[in-house]
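What the coordinates show
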Amino acid sequence: MMMDILTQTSWQEWLGVIFSIFQVILARYNNSKNYLFGIAGILLTLFVMFNSKLYAEFTLNIYYLVMSIYGWLYWKYGKKKHEIQITKTDKKEWLTVIIIVLFSFVIFYLALTHYTDSDVPIWDSIVSAFAWAGMWLMAKRKLENWILLNISNIISIPLMIHKNLYLYAILSFILFCIAISGYMNWKKIIKNTHA
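First things first, this report covers the structure right here in the doc. These figures come from a predicted structure and were not determined experimentally.

Once that is clear, we can look at unusual backbone geometry. With a phi angle near 65°, Asn30 is a residue other than glycine that sits in the positive phi range. Topologically, Asn30 is positioned in the loop between helix H2 (11-28) and helix H3 (34-51). In this structure, Lys53 takes a positive phi of about 60° despite not being glycine. Within the secondary structure, Lys53 is located in the loop between H3 and helix H4 (55-76).

Set out below in structure tokens:
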């Protein structure tokens, strides 16, 4: 069975997963080059998600592409001409996060149920809603991005298995583990910066 899964996995899925792993590892180490690997992985993942009829995930990856370009530029230069420091999310930003999650869930759910042949509209919408907010926080270099991305990752694992995207299920699990480490590392960076 495992051999069947491996042989049925497309090269786009393999490379998309590999680039995505490198992206998150580099993000864990606070390296702005993470976005370059992310962009490569996203482009490949767009193809896979569309062919799997995961339309919210497809749209999420278009958003990831835009936010990756924005994040790379923001991390490198920001409003000042030096790299932006990692900070914690403030109350105003948390309000924005809540709005992003709720608004994107409703939009995805309505679009998926009325305009697509998706068989998992709620599941796909929840994964995407938390990921949208998490990616926004990552682009802003906020510590709590890891929490929101991990909510998305943990829900994504059974969704990817349901869609027979086993490599992406494994990727979601790997990303979940790296995100825990990333959160702890970024928290330590904040502590050392303010020490």
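Structurally, Gln23 is set in helix H2. For Gln23, a relative accessible area of 12% gives the class buried. It is 16 Å that separates the C-alpha atoms of Gln23 and Gln12, two residues lying 11 residues apart in sequence. The residues contacting Gln23, other than those within four sequence positions of it, are Asn34, Phe37, Gly38 and Met138.

The next subject is the packing of aromatic side chains. Tallied over the entire structure, the rule returns 8 aromatic pairs. Ring centres of Tyr63 and Trp132 lie 3.7 Å apart, and the angle between their planes is 5°; this geometry places the pair in the stacked category. Taken together, the positions of Tyr63 in helix H4 and Trp132 in helix H6 (residues 121-139) put the pair 69 residues apart, joining distant regions of the chain. Since its relative accessible area comes to 13%, Tyr63 is described here as buried. With centroids separated by 5.7 Å and ring planes inclined at 70°, the aromatic side chains of Phe108 and Trp132 adopt a geometry described as edge-to-face. Of this pair, Phe108 sits in helix H5 (residues 91-115) while Trp132 sits in helix H6; the two residues are 24 residues apart in sequence, bridging distant segments of the chain. With relative accessibility at 8%, the residue Phe108 sits in the buried group. Put simply, the rings of Phe19, Phe22 and Phe37 touch in pairs and so form one group of aromatic residues. The ring of Tyr29 is capped by Arg28, whose NZ or CZ atom sits 4.4 Å from the centre of that ring.

What counts as what
- Residues numbered from 1 in each chain as written.
- Predicted model: local features only at pLDDT ≥ 70, side-chain atom pairs only at ≥ 80, totals over all residues.
- Heavy atoms only, no water.
- Helix = DSSP H or I, 4+ residues; strand = E, 2+ residues; numbered from the N terminus.
- Buried < 20%, exposed > 50% of the residue type's maximum accessible area, 1.4 Å probe, protein only.
- Contact = heavy atoms within 4.5 Å.
- Phe/Tyr/Trp six-rings, centres within 6.5 Å; stacked < 30°, edge-to-face > 60°.
- Lys NZ or Arg CZ within 6 Å of the ring centre and 35° of its normal.

Shape descriptors only; they carry no functional weight alone.
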